[in-house]
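Each chain, written out:
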Amino acid sequence: MIVAFRHKGELANPLIFFLMVVVFIPLGISPEKAVLTVLAPGMIWVIALLATLLSLDGLFRSDFDDGSLEQMLLSPQPLPWLVLTKIVAHWLMTGIPLMLLTPLLGTMLYLPAEGYLPLMISLLIGTGSMSLIGSIGAALTVGLRKGGLILSLVVMPLYVPVLIFGASAVNEAVQGFAYTGQIAILGAMFVSALVLAPFAVAGALRISVNT
Amino acid sequence: MASWQWFHRLGSPKWFYEKTTRWTQVIGWLALAMLSVGIVWGLGFAPEELKQGNSYRIIYIHVPAAAVAMAGYYVMALSGAIGLIWRMKLSYMVMKCAAPIGAALTFAALFTGAVWGKPTWGDYWVWDARITSMLILFFLYLGVMALQEAYQNQEAADKTCAILSLVGMVNIPIIYKSVDWWFTLHQPATLKLTEKSSIAPEMAYPLILMIFAVYMFFAWLLLTKVRVEILHREVKTQWVKDIVMGAK
């Protein structure tokens, strides 16, 4: 995490990407308020997903390159725990800033006022699941020289449930319905990913490093 | 212990290759026979549907392809798991070969669905739950294939694909359910094992036959592909050389 702070550019890149794509939507579709209000919840979610995806490639890359990943594998600490700390750091560095940026983007896309709170809650939990699931993909492709695109291909189908429930929580809230159900399901996904993903990542890293 | 011997023998590509020489032919002919009977029966002799007319007949390709495409993913993921647990070379080969066949069947199901959708729903593509989850299944297959292609090292490719397909297998029910919850237009499954089917028996029999036929076809394709893969990977061994020399 400290390392991430040293490279401020890398920290900011997903956020700038997030912001730029949001600017593209009115430019590409329509700057009218009626259109953007309808699109806003889903669009913000899709872009947040893409921004997370872009940042995943760096998750294990530098550790793999300088050999500290091998040190992690050899260390007496259980590997899933070590991996989990990496993932939590990734989430704090991408998910949380993305979430904090959303009110600004919501305003730019005329998100109705009742949508902000569910959007932030759903992104808070959802980006956690996305970091966890995505780290499996990152671990599988870290041994590849050009893993970035493959990583996206592999991970994107797995993001479908998170996207559906995250975006629908916001949509329901905007239409004035209760959204706690969707948030609860997002939470369930997050918890199960939290339990299962570190083991899958640990297994994948062992393979990627050993061969 | 003796009852487990067959399982250990499965680990030997040579034994598998020799045994399946006969099976492949039998299964291949059986698949061909069932497919031709099923197609002629379904397309030619089954009664016409009341509302949809003849266009419903595409069900005889659509449903079997979709069913086997989903089963194919489990074949792939389970053989990947067997490979990871018992470290069998052979099951990795099965996994690798199942992916493109499954992807092709998923594509077939999507394509026939699109052709069928035009006269029935008025559009080639509808954003409906089952169609979308089929499409995601297609992407999962493509992801496994892309990962397999990306690695130069065969062992790494096998193991990473096995993990990926297992992760995908855990996710399939979640994806399926969440997409289902999201939007549904597609009719529920027509054939049910436990309840009474919502399809007339004269239409159902050829459909069931076709499903089995496509399973057979899948098995035949898989065996054939695995046999080729075995020869390809074991090309340096003496027994493969003997076979190739003997064939000439």
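The following paragraphs examine the structure supplied in this document. (Residues numbered from 1 in each chain as written. Chains lettered and ligands numbered in written order. Predicted model: local features only at pLDDT ≥ 70, side-chain atom pairs only at ≥ 80, totals over all residues.)

## Overview of the overall build of chain B
Turning to step 1, where the next piece is worked out: Helix and strand counts for chain B stand at eight helices and zero strands.
Turning to step 2, where the next piece is worked out: For chain B, the succession of helices and strands along the chain, N to C, is α-α-α-α-α-α-α-α.
Turning to step 3, where the next piece is worked out: For chain B, contacts bridging at least 24 residues in sequence account for 77% of all contacts bridging at least 6. (Helix = DSSP H or I, 4+ residues; strand = E, 2+ residues; numbered from the N terminus. Contact = placed C-beta atoms within 7 Å.)

## Observations concerning the overall build of chain A
Turning to step 1, where the next piece is worked out: Within chain A one finds ten helices and zero strands.
Turning to step 2, where the next piece is worked out: Listing the helices and strands of chain A from first to last along the sequence gives α-α-α-α-α-α-α-α-α-α.
Turning to step 3, where the next piece is worked out: The globule rule puts the C-alpha radius of gyration for 211 residues at 17 Å, and the 18 Å found for chain A is close to it.
Turning to step 4, where the next piece is worked out: Put simply, 80% of the contacts in chain A that link residues at least 6 apart link residues at least 24 apart. (Rg over C-alpha atoms; globule rule 2.2 N^0.38 Å.)

## A word on the interface of chain A and chain B
Turning to step 1, where the next piece is worked out: Listed by partner, the interface residues are 20 residues for chain A and 23 residues for chain B.
Turning to step 2, where the next piece is worked out: Residue assignment for the side of chain A that touches chain B shows that the elements contributing at least two residues are α7 (116-141), α8 (148-155), α9 (160-174) and α10 (180-210) of chain A.
Turning to step 3, where the next piece is worked out: Broken down by element, the side of chain A that touches chain B gets its largest block of residues, five residues, from α10 of chain A.
Turning to step 4, where the next piece is worked out: Of the residues belonging to the side of chain A that touches chain B, the class tally is 16 nonpolar, four polar and no charged. (Nonpolar A, V, L, I, M, F, W, Y, C, P; charged D, E, K, R; others polar.)

## Observations concerning the environment of Gln182 of chain A
All names here are of chain A.
Turning to step 1, where the next piece is worked out: As for its position among the elements, Gln182 is in helix α10.
Turning to step 2, where the next piece is worked out: Look at Gln182 and you get buried, because 24 C-beta atoms sit within 10 Å.
Turning to step 3, where the next piece is worked out: Remark: the alpha-carbon pair of Gln182 and Val23, spanning 159 residues in sequence, is separated by 28 Å.
Turning to step 4, where the next piece is worked out: Those residues in contact with Gln182, other than ones at most four positions away along the chain, are Phe165, Ser168, Ala169 and Glu172. (Buried ≥ 20, exposed ≤ 12 C-beta atoms within 10 Å, placed from the backbone.)

## Overview of the packing of helix α6 (residues 79-108) of chain A against α7 of chain A
Residue and element names in this part refer to chain A.
Turning to step 1, where the next piece is worked out: Running from N to C, α6 and α7 cross one another at 150 degrees; their axes reach a closest spacing of 9 Å. Comparing their axes, α7 and α6 come out roughly antiparallel. Helix-helix and strand crossings are classified by hand; for α6 and α7 the assignment is right-handed. On α7, the residues touching Ile87, His90, Trp91, Thr94, Gly95, Leu98, Met99, Thr102, Pro103 and Gly106 of α6 are Tyr116, Leu119, Met120, Leu123, Leu124, Thr127, Gly128, Ser131, Leu132 and Ser135.
Turning to step 2, where the next piece is worked out: When grouped by side-chain class, the residues that make up the contact of α6 with α7 number eleven nonpolar, nine polar and no charged. (Axes fitted to C-alpha atoms, helices over the stretch in contact; angles between N-to-C directions. Parallel < 35°, antiparallel > 145°, perpendicular 65-115°, else oblique. Left-handed = near helix turned anticlockwise from the far one by under 90°.)

## A word on unusual backbone geometry
Residue and element names in this part refer to chain A.
Turning to step 1, where the next piece is worked out: Positive phi, normally seen in glycine, also occurs at Tyr110, with a value near 55 degrees.
Turning to step 2, where the next piece is worked out: Positionally, Tyr110 belongs in the loop between α6 and α7.
Turning to step 3, where the next piece is worked out: Under the C-beta neighbour-count criterion, Tyr110 is labelled partly exposed, with 17 such atoms within 10 Å.

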